[in-house]
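# Examination of the molecular architecture
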Number of protein chains: 2
Amino acid sequence: MDGSRGHRLKSLFDPQSIAVIGASNTKLKWGYIVPANIIVGGYKGEVYPVNPHEDEILGRRVYKSIADVPEAVDLAVVTLPSKSVPEVIADCARRGVRNCIVISGGFSETGSEGAALERRISGISRDSGMRIVGPNTMGIYSAPSSLHALMPPVRPIHGSIGFAAQSGNLGTQMLSLGKALGVGFSRFVCIGNEADLNCGDYLEFFEEDPATRVVLLYLEGLREARRFARIAQRTSPTKPIVVMKAGKTEAGAKAARSHSAALAGDDSIFEGIIRQYGMVEADDTEAMLDIAKAFAVLPLPRGRRVGVLTWGGGWGVVTADALARHKLELADFPEETLSELDSILPPYWSKGNPVDLVGTLDLSMHLACVKIIARCPCVDAVLTLGTMGAISSMQSFVLEGTYFDDMGEEEGQKAEVIAQELLNKLADLDQEYRDEVIGLIKETGKPIIAVSLPTAGSTSPVLAKQSEVAIYPSPERGVKTLSALYDYRLFLERTRGDA
Amino acid sequence: MDGSRGHRLKSLFDPQSIAVIGASNTKLKWGYIVPANIIVGGYKGEVYPVNPHEDEILGRRVYKSIADVPEAVDLAVVTLPSKSVPEVIADCARRGVRNCIVISGGFSETGSEGAALERRISGISRDSGMRIVGPNTMGIYSAPSSLHALMPPVRPIHGSIGFAAQSGNLGTQMLSLGKALGVGFSRFVCIGNEADLNCGDYLEFFEEDPATRVVLLYLEGLREARRFARIAQRTSPTKPIVVMKAGKTEAGAKAARSHSAALAGDDSIFEGIIRQYGMVEADDTEAMLDIAKAFAVLPLPRGRRVGVLTWGGGWGVVTADALARHKLELADFPEETLSELDSILPPYWSKGNPVDLVGTLDLSMHLACVKIIARCPCVDAVLTLGTMGAISSMQSFVLEGTYFDDMGEEEGQKAEVIAQELLNKLADLDQEYRDEVIGLIKETGKPIIAVSLPTAGSTSPVLAKQSEVAIYPSPERGVKTLSALYDYRLFLERTRGDA
């Protein structure tokens, strides 16, 4: 595999040393911000600022040119204006630099003059074998190296999703959103203008990258579409590829053409390969992270029979509708499962699936129910609504502090103590529920998806902890995600026959 | 209008006095929690606890029976076990109580015995004219009276959305979600088993209620469907009715039947009336609040031409796709608008719609652009992506505090001061942007919708302030919402001819 283009990108994503060409002491310049992101982000290799007019930048000795850097450089990050880039790139190639990230804009996205500059870069890359990201890129992120060679100061959660995006803003903002939602990434690259490396190369790298278990792509257009298709076909059976294809409408394609050097015309190929090769399409930007996250943390359902635990009948109805719309089924519980549930639930429970807990506050009962449902042989997947994260709604209520305002002082203080004790108890139970769910997933090999509405004021403490579990903000999004997992499972069965 | 059933519900939603029958000093009983919610929630009328065995509850004198309460009672809230409810209800009717909320479950939702009890309640209501909410209801909320006669301790944002839900959990959790998302309500009722008042009655009340400008319904089944249809037909031209109909699939309908006494069989009627009468369908639970919120704070677009301001090309492409899928259009800017934008934007801007700000940090430029776009005569609505709420992502980054860790102490402190100043400046600009957008909406009569991704740690300060603006967490949800506004506008044009 060593000869494949993808594998050789290891020195790009896990470089031993980095030169920043165009490094600066001016705090509002990318030449300051990008190396600051790298250093502050925890990168452990050498960082060599290059600038003919400075002696020290960010506490590092500065070199006049890349030729002066004393040691081999795996990665050069270039932030200079576009006109000086080809020359600098040529210097890098001569110095034996293995990879360059050209942050600078002002290339083919701006017109014919920029396109000519970009062709020169492509030529240098072709002739020297030095690989180039961009130009017109916001950079890369790599969890195994704690490398944040990025324009915005994003600090993603470490995880197993490899993400390549043909939009820097959308891509880096998705990393931030992931942080808010507990979704972690192994690698990220803002693809840029593809003067050299293109989407297929990054996919090929993800294919062979042990840190990446799930691939996420945001695409507007494909260069070398047939090669991309071959790599996707090869990758899909071992790693799910979640893809959002923008620019599918005429208006969208037009906007894509004006936004970047992205190429239209390959859409028919794209449409053809996506299902054929088992890629999982995200049909909106929220689905991108919803689905990628699920693949990262959950096993695939072996069938379409879903057990639903709900804290109120209405949510059960909404969930049943969503399941039916995604060709999933409410599992038919056998007599044994029903009587197990009957033995622990109050007499007025729903006596079937969805299992309605009817407002029971006792989380240990929720836990007992989710165990019975997950272990039921007629259940392939579980949706648990409202329990996980329930603590946050109570927290926000108590933390608001208004509940006790009208009580006498003594009574109010007593009530606050009781409330705080209750909260602590609930927080413990919430954590216990979370841990038990993770254990149950391992034990049963079945996906368990939680749904918990966002609440005011206290989303983050809950969400920060959720990177090991999949929690969705509505039953519909949970079901849509489960359906994507099942579709991929069906693809695997078709291609590998491992039912 | 005084004779209509709806109008008479004013004494239910704005009662002068409330008796709680089954009031209790036991803190985990609904007989304690519900009156505590009422009192702590700020209700200003009289509250009379009724319990034959207590002297004082929640600091109020307790009455042995409803007959002993010294003054007229507009509303009785009943939390007693179902078996004793008919007798108590009969007492209330004799005492001249105008409305009862029967919180208690154990009626038709539990089987034939409960159904018999419920028929007795219906009969008492019919004979006496006393109106009954429920049984098996989580209660009501009413902003004008600060009345929280609810089982869960929800404290919604005051607003102009009147909400009736055939599910207590879903309904009250939507109130909480509204609080997290900045969506305010005028009234809420958990419809329950409809022994007397049904969905049509609440719709009729909302129709005539000056506090309610938008109606939101969560429905599983319709009683008196034809009457409901007549009221909807009458209401739609003056107040938008946003409706989520659950139980539309076979699986969902089955879950609905087991969940409540809700009635199936009327779905064909429902399907027929929803579009004919201009009701706005929410196709998932997230859309319920997304759309209701927009109707509450935004004017309707006069056409389908949308101006888009974006902070990165990818979001523009995604938005263009979403617009096309909802039969909306990217506005074609006239020469004048283009040159106005040209005069303030950097030379490499997108030169068309979407207007790509390409990462410009200067919010005053965003503001200038949104003004030019909103005032353009060829624009019917504006989507502004990434600007409003942008501060929160920077906040969360700086508040994390890791950015300065690797700097020397002095340097780090200086940088933190600069960062804090930058944040304060940005917070001011964010507020200014928000205020200017509200002003622009008033000035132009055009809807301006903001999109801002949620960020870790700092959603609430931004969201709490957003009840006057409509901010959505993805462009797709913003566009879907705009499309709902436009569909309603088209309905109004068809029915009223006021183009």
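Residues numbered from 1 in each chain as written. Chains lettered and ligands numbered in written order. Predicted model: local features only at pLDDT ≥ 70, side-chain atom pairs only at ≥ 80, totals over all residues. Heavy atoms only, no water.

A separate point is the overall build of chain A. The secondary structure content of chain A amounts to 17 helices and 20 strands. In chain A, 75% of the contacts between residues at least 6 apart in sequence involve partners at least 24 apart. When the accessible surface of chain A is totalled, it reaches about 18,600 Å², and 51% of it is carbon and sulfur. (Helix = DSSP H or I, 4+ residues; strand = E, 2+ residues; numbered from the N terminus. Contact = heavy atoms within 4.5 Å. Areas by Shrake-Rupley, 256 points an atom, 1.4 Å probe, with all protein chains shown as cover.)

To continue, consider the pairing of strand E10 (residues 157–165) of chain A. Residues and elements named next belong to chain A. With seven of nine residues buried, E10 is to be regarded as a mostly interior element. Where E10 lies against strand E11 (residues 184–190), seven bridges are found, and the strand directions are parallel. Residue His158 lies in a different strand from E11, and its bridge partner there is Phe185. Handedness of the crossover joining E10 and E11 through helix H5 (residues 168–181) is recorded here as right-handed. (Buried < 20%, exposed > 50% of the residue type's maximum accessible area, 1.4 Å probe, protein only. Pairing = 2+ DSSP bridges. Right-handed = clockwise from strand over helix to strand, strands pointing away.)

The next subject is a negative patch on the surface. Residues and elements named next belong to chain A. On the surface, Asp428, Glu432, Asp435 and Glu468 cluster together into a negatively charged patch. Secondary-structure assignment places Glu432 in helix H15 (residues 409–444). The partly exposed category is assigned to Glu432, whose relative accessible area is 37%. (Patch = residues over 30% accessible without salt bridge, like charges linked within 9 Å, V, L, I, M, F, W, Y side chains within 5 Å. Salt bridge = Lys/Arg side-chain N within 4 Å of Asp/Glu carboxyl O. Lys, Arg positive; Asp, Glu negative; His and termini not counted. Charge placed at Lys NZ, Arg CZ, Asp CG, Glu CD.)

Okay, the sheet that holds strand E9 (residues 147–150) of chain A next. All names here are of chain A. Ordered by their spatial adjacency, seven strands build an open sheet running E9-E8-E11-E10-E12-E13-E14, and the pairing between neighbours is mixed. Of all the strands in the sheet, the pair left with one neighbour each is E9 and strand E14 (280–281). Where H5 meets the sheet, its contacts fall on E9, E10, E11 and strand E12 (214–219), and the angle it forms with E11 comes to roughly 170 degrees. (Axes fitted to C-alpha atoms, helices over the stretch in contact; angles between N-to-C directions.)

Moving on: helix H4 (residues 112–128) of chain B. Think of an α-helix as 3.6 residues a turn; residues three or four steps apart then line up on the same face. Residues and elements named next belong to chain B. The end-to-end C-alpha distance of H4, which contains 17 residues, comes to 24 Å, matching closely the 24 Å that a straight helix rising 1.5 Å per residue would cover. Along H4, the residues classified as buried are Gly114, Ala115, Leu117, Glu118, Ile121, Ser122, Gly123, Ile124 and Ser125. Packed against the buried residues of H4 are helix H3 (85–95) and strand E7 (131–133). Two residues or fewer after H4 comes Gly129, characterised by a positive phi angle close to 85 degrees. (Expected span 1.5 Å × (residues − 1).)

Under the definition given, this model contains 46 salt bridges over all chains. The partner of A:Arg489 in a salt bridge is A:Glu493, with the nearest N and O atoms 3.0 Å apart. With A:Arg489 and A:Glu493 both in helix H17 (residues 475–496), this residue pair falls four residues apart, about one helical turn. For A:Glu493, a relative accessible area of 24% gives the class partly exposed. Residues B:Glu443 and B:Arg375 are paired through a salt bridge, measuring 2.8 Å at the closest nitrogen-oxygen approach. Of this pair, B:Glu443 sits in helix H15 (residues 409–444) while B:Arg375 is found in helix H13 (residues 363–375), placing the two residues 68 residues apart along the sequence. One salt-bridge network, held together by shared partners, links A:Asp201, A:Glu204, A:Glu207, A:Glu224, A:Arg227 and A:Arg234.

Further remarks concern the packing of helix H11 (residues 313–325) of chain B against helix H17 (residues 475–496) of chain B. To characterise two packed helices, one gives the angle between the axes of the helices and the distance between these axes. Residues and elements named next belong to chain B. Put simply, H11 and H17 touch, their axes get as near as 9 Å, and they point 30 degrees apart. Taken together, the axes of H11 and H17 are roughly parallel relative to one another. For H11 against H17, the interelement crossing comes out right-handed. Taken together, the residues of H17 that come into contact with H11 (itself represented by Trp315, Val318, Thr319, Ala322 and Leu323) are Pro475, Glu476 and Val479. When the residues that make up the contact of H11 with H17 are grouped by side-chain class, the tally is six nonpolar, one polar and one charged. (Parallel < 35°, antiparallel > 145°, perpendicular 65-115°, else oblique. Left-handed = near helix turned anticlockwise from the far one by under 90°. Nonpolar A, V, L, I, M, F, W, Y, C, P; charged D, E, K, R; others polar.)

Bringing the nonpolar core into the picture now. If you look at the biggest cluster of nonpolar residues, it comprises 265 residues, and the most contacted ones within it are A:Tyr202 and B:Tyr202. Leave out the neighbours within four places in its chain, and B:Tyr202 touches B:Leu9, B:Leu12, B:Phe13, B:Ile132, B:Val133, B:Ala164, B:Val189, B:Ile191 and B:Leu197. Grouped together as the second largest cluster of nonpolar side chains are 26 residues, B:Val88, B:Ala93, B:Ile124 and B:Met130 included. (Core = buried A, V, L, I, M, F, W, Y, C linked by side-chain atoms within 4.5 Å.)

Turning our eyes to something else, we now look at the domain arrangement of chain A. Accessible area lost during the coming together of the parts is what is often quoted as the interface size. Residues and elements named next belong to chain A. When the domains of chain A are assigned, the result is domain 1 (7–295) and domain 2 (299–496). Contacts between the two partners involve 22 residues from domain 1 and, on the opposite side, 17 residues from domain 2. Summed over both sides, the interface between domain 1 and domain 2 buries roughly 1,500 Å², with carbon and sulfur atoms accounting for 58% of that surface. Linking domain 1 with domain 2 are four salt bridges. A salt bridge links Arg477 to Asp290; the shortest N-O distance between them is 2.8 Å. For the pair domain 1 and domain 2, the number of links is seven residue pairs in polar contact (both at pLDDT 80 or more). (Domains from an automatic or database assignment. Buried area = accessible area lost by both parts, 1.4 Å probe. Polar contact = N/O pair within 3.5 Å; in protein donor to acceptor, adjacent residues only side chain to side chain.)

Another point: the pairing of strand E15 (residues 305–310) of chain A. Residues and elements named next belong to chain A. Along E15, five of the six residues are buried, which leaves the element largely enclosed by surrounding structure. With two bridges connecting them, E15 and strand E16 (residues 329–330) associate as parallel partners. Its bridge partner being in E16, Arg305 is matched across the sheet by Glu329. At this point the chain moves from E15, through helix H11 (residues 313–325), to the parallel E16, and the crossover so formed is right-handed.

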